[in-house]
Amino acid sequence: MKAAIVQAFDEPLVVGVDGSEPSLRAVDWAADEAALRGVPLRVVYASLWERYEAAALAQGLGMPSERVRAEDITEGAARRAQARHPDLKVSADVLPEEPEYALVREGRHAGALVLGTRGRSGITELLLGSVSLTVAAHAHCPVIVLRGSHDNQVTPAVRGRVVVGVGGHPEPSAAVRFAFEEARRRGVPLEVIRAWRCPAHETTDPPPPDFVRGCPQSAGDPARLHEEQAAETLETALRDAPEDVAVRRRTVEGHARKVLLDASHEADLLVVGARHREGHLGLQLGRVAHTALHHSACPVAVVPEPM
């Protein structure tokens, strides 16, 4: 089942474009990533995006203006990627359907999907934001959404680390495996974080003198137990860690959403997992992934996890 959800690393990368500046930055990033992986890059434009723009290009040329613009955008993006990496194999295609369906389908044969976050106009900005969230929630391969101000290059590393969050499932996850591969390609350390919290009902007694950040820290207290459990979960998740990647382990008290957002300010890529639930359509994004996609200071990779 894992092989059916998380794609092989030798499959092509797919980047969605719409002609906006964020999508061109996504092309740059995707070209770097494809070159690192040694795989082809596929540039796609879902042509029904154009109806939201009400464009009237190339009237009288005997072709729909939408098609003319779409082909111009994809060809321009492909040339941009080729100029950035002359040896990279690049293809481009216009897909005559809604972007959500087109990109999710493309993801079935891709190593990853790369998307920008915004569109060309106020209305399109909302629609493309929705597209990014929908694709991240339903794709069967990792989806990388370009957040942050330094997201138009993969190398050289700007912050010098990849960050991945470890959830409550102790087994090695697809997100952790993906993060190891990304750190290895970039030649940077991987920071693995497990957030933990001290439940409020366990701290109702008056705080002792060594009370710190809402939880007592004396030996044998509930907070210490939760922290130790977090450390054990972290070690279990890293039991198959490759020896050629430097690993920084961190257990941090706090909400996972805030902890990972804070870490994103010092990362080149933030990796989070999303659970695939039987009986549901695609992935159901949890609060951590949803928050990261909206507020991360760096690009975010949402990696599907099997149940």
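None of these values were measured; they are calculated from a predicted model.

Quick notes on the rules
- Residues numbered from 1 in each chain as written.
- Predicted model: local features only at pLDDT ≥ 70, side-chain atom pairs only at ≥ 80, totals over all residues.
- Heavy atoms only, no water.
- 1 Å grid on protein atoms, 1.4 Å probe; cavity = no way out; pocket = protein on both sides within 12 Å on 5 of 7 lines; lining within 4 Å.
- Points joined across faces, edges and corners; volume = space filled by probe spheres on them.
- Helix = DSSP H or I, 4+ residues; strand = E, 2+ residues; numbered from the N terminus.
- Nonpolar A, V, L, I, M, F, W, Y, C, P; charged D, E, K, R; others polar.
- Core = buried A, V, L, I, M, F, W, Y, C linked by side-chain atoms within 4.5 Å.
- Buried < 20%, exposed > 50% of the residue type's maximum accessible area, 1.4 Å probe, protein only.
- Contact = heavy atoms within 4.5 Å.
- Pairing = 2+ DSSP bridges.
- Axes fitted to C-alpha atoms, helices over the stretch in contact; angles between N-to-C directions.

1. So, the layout of surface pockets
Working step 1: Taken as a whole, the largest pocket encloses approximately 770 Å³ of empty space.
Working step 2: Taken together, 32 residues make up the lining of the largest pocket; nearest its centre are Val166, Gly167, Gly168, Gly273 and Val288.
Working step 3: Breaking the lining of the largest pocket down by element, the ones donating at least two residues are α6 (174-186), β7 (190-196), α8 (256-264), β9 (269-275) and α9 (287-295).
Working step 4: Tallied by class, the residues present in the lining of the largest pocket amount to 14 nonpolar, ten polar and eight charged.

2. Here we look at the nonpolar core
A general tendency of soluble globular proteins is for nonpolar side chains to be buried together.
Working step 1: In this structure, Leu41, Val114, Ile144, Leu190 and Val271 are the most contacted members of the largest nonpolar core, which totals 47 residues.
Working step 2: Not counting the four nearest positions on each side in its chain, leucine 190 is found in contact with Val162, Val163, Val164, Ala179, Phe180, Ala183, Val245, Ala246, Val247 and Arg248.
Working step 3: In terms of nonpolar packing, the next biggest core, distinct from the first, is built from 34 residues, Ala102, Leu113, Ala195 and Val272 among them.

3. Some points on the sheet that holds strand β6 (residues 162-165)
Working step 1: Pairing within the open sheet is mixed, and its ten strands lie in the order β3-β2-β1-β4-β5-β10-β9-β6-β7-β8. Two strands close off the open sheet at either side, each with one partner strand: β3 (90-95) and β8 (247-253). Across this sheet, the average inter-strand angle for adjacent strands is 25°, counted without regard to direction.
Working step 2: Taken together, the four bridges between strand β1 (residues 13-16) and strand β2 (residues 41-46) define a ladder with parallel strand orientation. Bridge pairing in β2 places glycine 16 opposite valine 44.
Working step 3: Along the sheet, α6 contacts β5 (143-145), β6, β7, β8, β9 and β10 (300-305); its crossing angle with β9, the most-contacted strand, is approximately 160°.

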